[in-house]
Amino acid sequence: MISRRWWWWLVVVALVVSACSRAGGYQRADVRTAHVAASHAFSTPDPGLSGPELARFRIGDRFFTEPWTPAVVGRDSERDGLGPTYVASACAGCHVRDGKANAPSAGGPIVYRLVDGPSPAYGVQIQDRAVDDVPAEGRFEVDVVDEPFRYPDGSIVVLRRPVVTVSSAAFGDEIEEASGSVRMAPAIVGLGLLAAVPDAVIVDGADPDDRDGDGISGRPIRVGERVGRFGWKAEKATVLDQTAEAYLRDMGITSPLHRVENCPGPQEACRRAPGGGDPEISGDRLAAVAFYVSALAVPERRDPAAPEVIAGEALFDAIGCGACHRPALEVSSERDWIGDGRIAAYTDLLVHDMGPGLADGGTDGAEWRTAPLWGIGLVEAVNPYAGYLHDGRAATLEEAILWHGGEALGARDRFAALDAEDRARVIAFLRDL
Ligand SMILES: [Ca+2]
Ligand SMILES: [Ca+2]
């Protein structure tokens, strides 16, 4: 156990270091600010957008927010073609007010990826809703398992984990035994900035063989020629790819990137159902939605100079959270509103082994991309039913930290070894982001 005095040394050193690096400028991060009601804190356009860009942002916003309707033969509309099978009818149905979704235990829409590869009968993801005359693939049942965590000081926090299963499977019940990876819709602020982090910056941050011996390695995910950075496993390299895939898998909307409806093998009624055009969303509109999602501003920090927040930030660095949740990343972009600079996204955009407690059962199931922490202090204000971590299991920031294992076990244990006041300071810092 490290003595308190030693801790405060670390805090002082970290304070000095963070003051110096701040002088070096997180200027880009500080520009991305918005003064709006907390419940709409994630919905502001980047202040640097030009007039035409803002117009495009507004078109994207409409298509992101308004629900799609099922196609009707003989009637045409610009927003029909929902399904035949789907999970939600609008992007905003999951990314609530551009924030996180409702947690599975709060009745949220459930994104359930099959981890053993695509199933011939069900594809890569289970769609639990469908238009008239088409069977949904199944229904989700959500159970919650409790795992108490005991701090060294004796206090106890009950950690809860959702266990999601598929019932009433429509195309063979092998799916009821299959394992799936439940994925929470993340908040989507600052994604244009994350897209502007050069591949080389991400790769340079990795230490796959842990040469510096801090127990943290991290690895970049290659997606074709690019380095992936979007999604909980960094499986997508661009916002456009993620958007087009969401249209197909989550809503059943075809686009120039995915022209064929999602109706695997035996799903005849799905294939016979009317479509809403070929494709159902045009390339222009798809690009406008991707632009909207790229240009949502990161909210301004509320009180970064409060003593508790400053002390929490120093502790965050001292106990090793910043080794993955990196406080500064370079960006470089030809978009005027981004340019060259540094952002404070609190991620390295690498995947890390987070231990068996967070693993989803697939190949490399324990690996997850370091979640960006900017804006995290406003998640609850934007959607009180949201949950933290990839499957929304954590109801509080404290629970989210306590689930950290694997490469993050050292940091988790150092957090747990702090006294209650210092733990509260770390949380106060997170709540200010
Ligand atoms: Ca469709
Ligand atoms: Ca499916």
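Parameters at a glance
- Counting from 1, residues in each chain are numbered in the order their sequence is written.
- The naming scheme follows written order: chains are lettered A onward, ligands numbered 1 onward.
- Whole-chain, interface and lining totals are the exception, using all residues; otherwise, since this is a predicted model, local features are given only for residues with pLDDT of at least 70 and side-chain atom pairs are given and counted only at 80 or more.
- Under the DSSP-based scheme used, a helix requires at least four consecutive residues in state H or I and a strand at least two consecutive residues in state E, with every element numbered from the N terminus.
- Each radius of gyration is computed over the set of C-alpha atoms, and the globule rule expresses the reference value as 2.2 Å times the number of residues to the power 0.38.
- Using C-beta atoms placed from the backbone, we call a residue buried if 20 or more other C-beta atoms fall within 10 Å of its own, exposed if 12 or fewer do, and partly exposed for counts in between.
- It is the C-beta atoms, placed from the backbone, that decide contacts: two residues are in contact if theirs lie within 7 Å.
- What counts as an axis is a line fitted to C-alpha atoms, over the stretch in contact for a helix, and the angles between N-to-C directions run from 0 to 180 degrees.
- Here the word oblique covers every angle except those under 35 degrees (roughly parallel), over 145 (roughly antiparallel) and from 65 to 115 (roughly perpendicular).
- Crossing handedness is read from the near helix: turned anticlockwise from the far helix by less than a right angle, it gives a left-handed crossing, and turned clockwise, a right-handed one.
- Here the nonpolar group is Ala, Val, Leu, Ile, Met, Phe, Trp, Tyr, Cys and Pro; Asp, Glu, Lys and Arg are the charged ones; every other residue, Gly included, is treated as polar.
- The term nonpolar core refers to a group of buried residues, namely Ala, Val, Leu, Ile, Met, Phe, Trp, Tyr and Cys, whose C-beta atoms join them within 7 Å.
- Values of pLDDT, which run from 0 to 100, indicate the predictor's confidence residue by residue.
- Only when DSSP finds a minimum of two bridges between them are two strands counted as paired.
- Here the expected length of a helix is defined as 1.5 Å per residue gap, with one fewer gap than residues.

Engineer: Please give an account of the overall build of the chain that cites residues and values.
Structural biologist: A tally of helices and strands in the chain yields 15 helices and 12 strands. Relative to its length of 433 residues, the chain is compact, with a C-alpha radius of gyration of 22 Å against a globular reference of 22 Å. Seen through its principal axes, the chain has C-alpha atoms that stretch 75 × 50 × 40 Å. Looking at the 433 residues of the chain, the share that counts as buried comes to 47%. Sequence-distant contacts in the chain: of pairs separated by 6 or more residues, those separated by 24 or more amount to 69%.

Engineer: Go over the packing of helix H8 (residues 239–251) against helix H10 (residues 283–294), please, and point to the residues and values.
Structural biologist: Running from amino to carboxyl end, H8 crosses H10 at an angle of 120 degrees, the nearest separation of the two axes being 9 Å. By the criterion of interaxial angle, the relationship of H8 to H10 is oblique. The interaxial crossing formed by H8 with H10 has right-handed handedness. For the pair H8 and H10, contact is made by Val239, Leu240, Thr243 and Ala244 and by Leu286, Ala287, Val289, Ala290, Val293 and Ser294, respectively. A per-class count over the contact of H8 with H10 returns eight nonpolar, two polar and no charged.

Engineer: So what about the nonpolar core? Which residues, and what values?
Structural biologist: If you look at the biggest cluster of nonpolar residues, it comprises 115 residues, and the most contacted ones within it are Val289, Ala290, Val293, Leu315 and Ala345. Top element by residues in this core is H10. It accounts for eight residues.

Engineer: I'd love a proper account of the confidence of the model for the chain, names of residues and values included.
Structural biologist: Scored by pLDDT, the chain comes out at a mean of 92, with 92% of its residues at no less than 70. Segment residues 15–31: pLDDT under 50, and 18 contacts once partners within four positions in sequence are set aside and those in other chains are kept.

Engineer: I'd like a description of the pairing of strand S10 (residues 340–343), backed by residues and values.
Structural biologist: Every second residue of S10 is oriented toward a common face, the buried set being Gly341 and Ile343 and the non-buried set Asp340 and Arg342. By the bridge criterion, four bridges tie strand S9 (residues 329–332) to S10 in an arrangement that is antiparallel. Considered in S10, the bridge of serine 332 is made with aspartate 340.

Engineer: Any chance you could break down the environment of leucine 402 for me, citing the residues and the numbers?
Structural biologist: Mapping leucine 402 onto the fold places it in helix H13 (residues 397–402). Separated by 68 residues in sequence, leucine 402 and glutamate 334 place their C-alpha atoms 40 Å apart. Ignoring sequence-local partners within four residues, the contact set of leucine 402 consists of Phe149, Val157, Leu159 and Arg412.

Engineer: Please set out helix H11 (residues 307–318) residue by residue, giving values where relevant.
Structural biologist: Relative to the 16 Å expected for 12 residues at 1.5 Å per residue, H11 spans 16 Å between its end C-alpha atoms, a close match to the ideal helical length. Most of H11 is tucked away, with 10 of its 12 residues classed as buried. For H11, the complete set of buried residues consists of Val309, Ile310, Ala311, Gly312, Glu313, Ala314, Leu315, Phe316, Asp317 and Ala318. Of the residues flanking the end of H11, it is glycine 320, one or two places downstream, whose phi is positive at about 95 degrees.

Engineer: Help me get a handle on the environment of glycine 192, residues and values and all.
Structural biologist: Mapped onto the elements, glycine 192 comes out in helix H6 (residues 191–195). C-alpha separation for the pair glycine 192 and tryptophan 232, spaced 40 residues apart in sequence, amounts to 17 Å. Ignoring any residue separated from it by four or fewer positions in sequence, one finds glycine 192 in contact with Ser294, Ala295, Arg335 and Ile338.

Engineer: Before we move on, can you summarise unusual backbone geometry with the specific residues and values?
Structural biologist: Excluding glycine, residues mostly carry a negative phi; peptide bonds, for their part, are mostly trans. Residue proline 84 is bonded to the preceding glycine 83 through a cis peptide linkage, with omega at 10 degrees. Tracing the sequence through the fold places proline 84 in the loop between helix H3 (51–65) and strand S1 (85–86). Residue aspartate 278 is joined to proline 279 through a cis peptide bond whose omega torsion reads 0 degrees. Along the chain, the position of proline 279 falls in the loop between helix H9 (268–272) and H10. The backbone of tyrosine 346 sits at a positive phi, close to 55 degrees, despite the residue not being glycine. By secondary structure assignment, the location of tyrosine 346 is in the loop between S10 and strand S11 (351–353). Its 24 C-beta neighbours within 10 Å are what place tyrosine 346 among the buried residues.

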